[in-house]
Amino acid sequence: FTAFTMADYIENFVDAIKGPKRVIVIKPRQVGFSTGCGAYFFWKMNLSPGMRGIAMADKHKRTEAVRRIYSTFLANLPDRLRPMIKKDNTNEISFDNPNNYKYRRIPGLNSGIIFETAQDPNAGRSEGRLFAHLSEVAFYPYYLQTVEEGVGNSIPMTNESTVIQETTGNGRVGIGQHVFSLWQAAKRGESLYKPFFVAWYESEDYSIMPAKKLILSPDEKEIIKQHPKLTMGNLYWRRLKLLSMSTDRASLMGPEERF
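Residues numbered from 1 in each chain as written. Predicted model: local features only at pLDDT ≥ 70, side-chain atom pairs only at ≥ 80, totals over all residues. Heavy atoms only, no water.

Draft legend 1. Expanded view of the overall build of the protein. In terms of regular secondary structure, the protein is built from eight helices and eight strands. For the protein, the spread of C-alpha atoms along the principal axes amounts to about 75 × 35 × 35 Å. Each of the 259 residues in the protein was classed as buried or not, and the buried ones make up 44%. Considering only contacts within the protein whose residues lie at least 6 apart along the sequence, 67% involve residues at least 24 apart. When the accessible surface of the protein is split by element, carbon and sulfur atoms take 53% of a total near 14300 Å². Distance from the positive charge centre (35 side chains) to the negative charge centre (27 side chains) of the protein: 1 Å. (Helix = DSSP H or I, 4+ residues; strand = E, 2+ residues; numbered from the N terminus. Buried < 20%, exposed > 50% of the residue type's maximum accessible area, 1.4 Å probe, protein only. Contact = heavy atoms within 4.5 Å. Areas by Shrake-Rupley, 256 points an atom, 1.4 Å probe, with all protein chains shown as cover. Lys, Arg positive; Asp, Glu negative; His and termini not counted. Charge placed at Lys NZ, Arg CZ, Asp CG, Glu CD.)

Here it is, written out as structure tokens:
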């Protein structure tokens, strides 16, 4: 996947949902999904009046990375497509008329996005909005407060509203339990959220060709049966990853489950 094909997948998948759009995404790292979500929402708020939203990640550094995605799109936007910009800073991008004297006559798009971090249990409660881009939700320390109570209640259940929760996995218990439960409910069709899954082996980055022929273990043979698209390069990359994870004694999960 690239960020651009990912944006196409998001657009086609999300826009096909009838009614309020709610999506839970489980994906591997570094496949461009946050960039794809950013592209989708930036396109929405750049073309639709009143399209205001929020982007949030599990910690400040990752929220900064998400903000840079949106700022990069804005910086590279052709002049003919550039709306009036009132704010473009670390906390907010606002497409409004920066001239307060002319605002009443020519207000601008009245769209934009704010950036907050899930480290704050009160994040997302400040105002109403139509969309939310929530990154790495399985690692939110205050998931219920920041997502379900804060952000969720600030977005109306209208056909124009969209919430995308995207994350790598973080186990079935502990901090990651709420997202695991939401994912399972979405798969069963018992949630407003629709499940969207990206397998790790669908990314070209997760493959290293072995120097010699692999002798598959019984576990690897079973994995091949379940996932016929796996290559020897995928399996060798998985082996190397498991070796690097086996030395971490702080985790309650074994390397295979953490993988």
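Draft legend 2. Summary view of empty space enclosed by the protein. Applying the stated criterion to the full structure yields one cavity of 30 Å³ or more. As for the largest cavity, its lining consists of I10, F13, V14, V23, V25, F33, I164 and F196. The dominant element in the lining of the largest cavity, judged by the number of residues it contributes, is helix α1 (residues 3-14), at three residues. By residue class, the composition of the lining of the largest cavity is eight nonpolar, no polar and no charged. (1 Å grid on protein atoms, 1.4 Å probe; cavity = no way out; pocket = protein on both sides within 12 Å on 5 of 7 lines; lining within 4 Å. Points joined across faces, edges and corners; volume = space filled by probe spheres on them. Nonpolar A, V, L, I, M, F, W, Y, C, P; charged D, E, K, R; others polar.)

Draft legend 3. Just the nonpolar core, in detail. With 35 residues, the main nonpolar core has F33, M45, Y70, I93, I113 and I164 as its most contacted residues. For this core, the secondary structure elements donating two or more residues are α1, β1 (21-26), α2 (33-47), α3 (60-75), β4 (92-95), β5 (111-117) and α7 (232-245). Ranked by the residues each element gives to this core, the list is headed by α2, at six residues. Sequence-distant contacts of M45, defined by excluding residues within four places in its chain, comprise M51, Y70, I93, F95, L109, S111, G112, I113 and F131. Counting residues in each nonpolar core, the second largest holds 22 residues, with I54, A132, A138 and V151 among its members. (Core = buried A, V, L, I, M, F, W, Y, C linked by side-chain atoms within 4.5 Å.)

Draft legend 4. Spatial organisation of the packing of aromatic side chains. This structure, assessed with the given rule, holds twelve aromatic pairs. Taken together, a centroid distance of 6.1 Å and an interplanar angle of 55 degrees make the contact between Y40 and W43 tilted. In this pair, Y40 and W43 both sit in helix α2, three residues apart, roughly one turn of the helix. Measuring from ring centre to ring centre gives 5.9 Å for W200 and Y201, while their planes differ by 80 degrees; the resulting arrangement is edge-to-face. A relative accessible area of 19% places W200 in the buried class. Here the aromatic residues Y40, F41, W43 and F131 are joined through ring pairs into a cluster of three or more. (Phe/Tyr/Trp six-rings, centres within 6.5 Å; stacked < 30°, edge-to-face > 60°.)

Draft legend 5. Focus on the side chain of E220. In this fold, E220 is placed in helix α6 (residues 218-226). On the basis of relative accessible area, E220 is assigned to the buried category, the value being 2%. At a separation of 3.0 Å, a polar atom in the side chain of E220 contacts the main-chain amide nitrogen of S217. (Polar contact = N/O pair within 3.5 Å; in protein donor to acceptor, adjacent residues only side chain to side chain.)

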